[in-house]
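# Per-entry structural report
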Amino acid sequence: MEADREMAHYFTREEAEALLPEITVVLYKIQESHRNVLALKTELEEIQAQAMGNGHHLYERILRLQQDVAASMQQLRDALEELEPFGCELKDPAIGLIDFLSLRDGEEVYLCWKLGEQSVAFWHYLHTGFAGRQPLD
């Protein structure tokens, strides 16, 4: 892990903000795929519970849902891979929370941005996470 940090790119606020329009597009894909996966898994669990009794007639529906879950999972993986080249870290797909590794007074920190925010306006220490967000200015 230390070797990874030595090679890490440290973002400035300006660099991070320049990526936001492209990252936003990818985040919407991630969120849609994430919601689809959760909804399909929930539906599948409900159908499987019904099938525990006399549910032989549900077999095809269960099979289709399993295939839909697998396809949605692949869409999610593809969207996550689209995010990788940006060099940021996805912390929460549901709210579109992104961290950018940065330096503040010589210490590694994260610049923190959430989908819907107009700019990168917060930072936090690596160990504090979203709860430790502090304004940049």
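### Let's talk about the nonpolar core
Core analysis: the largest hydrophobic core is formed by 23 residues, its most contacted members being Ile-23, Leu-83, Ile-98, Phe-100, Leu-111, Trp-113 and Val-120. At the level of elements, α2 (13-51), α3 (59-83), β2 (97-104) and β3 (107-114) are the ones that each hand at least two residues to this core. At eight residues, α2 tops the list of elements feeding residues into this core. Apart from residues no more than four positions distant in its own chain, Trp-113 is found in contact with Leu-20, Ile-23, Thr-24, Leu-27, Gly-96, Leu-97, Ile-98, Phe-100, Ser-119, Val-120 and Arg-133.

### Here we look at the pattern of salt bridges
Summed over all chains, the structure comprises six salt bridges. Linking Lys-29 and Glu-82 is a salt bridge whose minimum nitrogen-to-oxygen distance equals 3.0 Å. Taken as a pair, Lys-29 in helix α2 and Glu-82 in helix α3 lie far apart in primary sequence, 53 residues in all. By relative accessible area, which is 35% here, Glu-82 ends up partly exposed. Of the charged contacts, one joins Glu-89 and Lys-91 as a salt bridge, the two residues approaching to 3.0 Å between their closest N and O atoms. Classification of Lys-91 as partly exposed rests on a relative accessible area of 39%.

### As for the environment of Glu-43
Secondary-structure assignment places Glu-43 in helix α2. Along the chain, Glu-43 and Glu-84 lie 41 residues apart, while their C-alpha atoms are 30 Å from each other. The residues contacting Glu-43, other than those within four sequence positions of it, are Arg-61 and Leu-65.

Definitions and limits used
- Per chain, the residues get numbers from 1 upward, laid out in the order the sequence is written.
- Owing to the predicted nature of the model, reporting of local features is limited to residues with pLDDT of at least 70; listing and counting of side-chain atom pairs is limited to 80 or more, with chain, interface and lining totals taken over all residues.
- Derived side-chain values reflect all non-hydrogen atoms in the structure, with water molecules and hydrogen atoms excluded from consideration.
- We call a set of buried residues a nonpolar core when its members are Ala, Val, Leu, Ile, Met, Phe, Trp, Tyr or Cys and they connect through side-chain atoms within 4.5 Å of each other.
- Think of it in three bands: residues with accessible area under 20% of the maximum for their type are buried, residues over 50% are exposed, and the middle band is partly exposed, with areas taken using a 1.4 Å probe on protein chains only.
- The secondary structure listing takes helices from DSSP runs of H or I that are at least 4 residues long and strands from runs of E that are at least 2 residues long, numbered from the N terminus.
- Working rule for contacts: check all heavy atoms of both residues, and any pair within 4.5 Å makes them a contact.
- Salt bridges are defined as contacts in which a side-chain nitrogen from Lys or Arg sits within 4 Å of a carboxyl oxygen from Asp or Glu.

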